[in-house]
Amino acid sequence: MMLQIPKVLTKAQVAECRAILDAGPWVDGNLTSGFQAARAKTNEQLPQDCDAALRVGEAILQALEANPLFVSAALPQVILPPMFNRYGEGMGFKDHVDNAIRRDPVSGRRLRTDLSATLFLEEPENYDGGELVVNDLYGDHVVKLSAGDMILYPSSSLHHVTPVTRGRRTASFFWIQSLVRDDAKRTMLLEMDVAIQRLARKVEADDEGVLSLTGVYHNLLRQWAEV
Ligand code: NI
């Protein structure tokens with residue numbers, strides 16, 4: 001499932017984050033890449049342990065935890081610390097699949113990447129190119145969102161960032177290990193959760209049908225969750 005999550009950050013929060021990030025110690029993005037990615041990628045990144053990345057990363061994690069759509073869609077077990085990249089003119093990232101396993105720099109644990117997230121931190125009219133293109137069974141999906149909006153997509157998908165031809169694209173990117181590894185199961189749980197909430201708004205608070213469906217939702221989650 002690909003899902004847009006609007007307004008993860010407000011415009012004021014984006015401005016605050018950008019002020020911190022723009023003053024950060026940006027380096028060549030390939031210092032952190034594996035062999036395949038290094039051949040595919042030209043961009044700049046912030047070192048994961050720099051003060052700017054840690055401060056803004058913490059603000060993003062707080063916003064995500066308070067975002068009901070994100071929590072329902074991702075069913076996060078662990079969110080890896082947000083990272084930051086930017087693409088100036090001529091920079092891009094060719095087709096690749098993200099690494100399946102990443103080490104959490106906080107806990108040292110190895111985590112499975114189920115979902116990839118890109119949180120856009122520049123307004124789309126300020127740069128040309130720089131679209132995230134995600135390929136799945138239904139073809140190519142071109143994503144370029146307002147600053148503060150985020151896209152979630154399965155980490156198993158082939159994706160690329162088209163070269164920037166004007167301006168600069170700044171974003172946060174990170175991975176999530178979900179309680180529910182299987183994308184199809186996670187998608188059904190989200191659809192069910194959304195449907196139950198729609199129903200609940202139309203009926204009495206103690207409606208038996210809604211109560212029963214809510215029970216089924218939790219029992220499916222109990223069947224499928226790995227903790
Ligand atoms: Ni990627």
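A. Broad picture of the domain arrangement of the chain. We note that the domain assignment places domain 1 (3-178) and domain 2 (183-224) within the chain. The distance between the C-alpha centroids of domain 1 and domain 2 comes to 30 Å. Each partner contributes to the interface: domain 1 provides ten residues, whereas domain 2 provides seven residues. Carbon and sulfur atoms supply 62% of the area that domain 1 and domain 2 bury against each other, a total of about 610 Å² over both sides. Counting the surface domain 1 buries against domain 2, the share from its top three residues, S72, A73 and L75, is 61%. The tally of links from domain 1 across to domain 2 stands at zero salt bridges. Counting across the interface, domain 1 meets domain 2 through two residue pairs in polar contact (both at pLDDT 80 or more). With four residues, the top contributor of residues to the side of domain 1 that touches domain 2 is helix 4 (residues 68-74).

B. Expanded view of the nonpolar core. Residues L9, F70, F84, M150, L152 and I176 are the most contacted members of the largest nonpolar core, which totals 32 residues. Considering each element in turn, this core owes the most residues, seven residues, to helix 3 (residues 51-65). In this structure L9 touches V14, C17, I60, A63, L119, L121 and G148, once residues within four positions along its chain are discounted. Of all hydrophobic cores here, the second largest spans 13 residues; its members include Y127, L132, L145 and Y153.

C. Broad picture of helix 6 (residues 208-224). With 17 residues, helix 6 should reach 24 Å at 1.5 Å per residue; the first-to-last C-alpha distance of 24 Å fits that figure. Inspection of helix 6 places V210, Y217 and L221 among the buried residues, and these make up the whole buried set. Down the axis of helix 6, the buried set is contained in an arc of 30°. They therefore lie on one face. Those residues of helix 6 that are exposed and angled more than 90 degrees off the buried face are E208, L211, R222 and Q223. Those residues of helix 6 hidden inside the fold are in contact with helix 5 (183-200). The distance from a side-chain oxygen at the start of helix 6 to the backbone nitrogen of G209 is 3.0 Å, and the residue carrying that oxygen is D207.

D. Fine view of the pattern of salt bridges. Applying the stated criterion across every chain, the model contains eight salt bridges. Residue R18 is joined to D22 by a salt bridge in which the shortest nitrogen-to-oxygen separation is 3.0 Å. In this pair, R18 and D22 both sit in helix 1 (residues 11-22), four residues apart, roughly one turn of the helix. Residue E44 pairs with R86 through a salt bridge whose shortest N-O separation is 2.9 Å.

E. How the structure looks around unusual backbone geometry. Here the phi dihedral of K7 falls at roughly 55°; this positive angle occurs in a residue that is not glycine. In this structure, K7 sits in the loop between strand 1 (3-5) and helix 1. Positive phi, normally seen in glycine, also occurs at L75, with a value near 40°. Structurally, L75 can be placed in the loop between helix 4 and strand 5 (76-79).

F. Structural context of the layout of surface pockets. In this structure, the second largest pocket encloses a volume near 200 Å³. M1, M2, N135, D136, L137, Y138, P154, S156, S157 and D183 are the residues that line the second largest pocket. Of the residues that constitute the lining of the second largest pocket, the class distribution is five nonpolar, three polar and two charged.

G. Seen up close, the environment of Y87. Locating Y87 in the fold gives a position in strand 6 (residues 83-87). Residue class for Y87 comes out buried when judged on its relative accessible area of 1%. Note: C-alpha distance between Y87 and G29 (58 residues apart in sequence) is 9.7 Å. Excluding anything up to four places from it in sequence, Y87 contacts T42, N43, G92, F93, V161, V164, G167, R168 and R169.

H. Structural detail: the pairing of strand 10 (residues 115-120). Counting buried positions along strand 10 yields six of six residues, so the element is predominantly enclosed. With five bridges joining them, strand 10 and strand 13 (residues 150-154) adopt antiparallel strand pairing. Its bridge partner lying in strand 13, A117 is registered against L152.

Calculation rules
- Residues numbered from 1 in each chain as written.
- Predicted model: local features only at pLDDT ≥ 70, side-chain atom pairs only at ≥ 80, totals over all residues.
- Heavy atoms only, no water.
- Domains from an automatic or database assignment.
- Contact = heavy atoms within 4.5 Å.
- Buried area = accessible area lost by both parts, 1.4 Å probe.
- Salt bridge = Lys/Arg side-chain N within 4 Å of Asp/Glu carboxyl O.
- Polar contact = N/O pair within 3.5 Å; in protein donor to acceptor, adjacent residues only side chain to side chain.
- Helix = DSSP H or I, 4+ residues; strand = E, 2+ residues; numbered from the N terminus.
- Core = buried A, V, L, I, M, F, W, Y, C linked by side-chain atoms within 4.5 Å.
- Buried < 20%, exposed > 50% of the residue type's maximum accessible area, 1.4 Å probe, protein only.
- Expected span 1.5 Å × (residues − 1).
- Arc of directions from axis to C-beta.
- 1 Å grid on protein atoms, 1.4 Å probe; cavity = no way out; pocket = protein on both sides within 12 Å on 5 of 7 lines; lining within 4 Å.
- Points joined across faces, edges and corners; volume = space filled by probe spheres on them.
- Nonpolar A, V, L, I, M, F, W, Y, C, P; charged D, E, K, R; others polar.
- Pairing = 2+ DSSP bridges.

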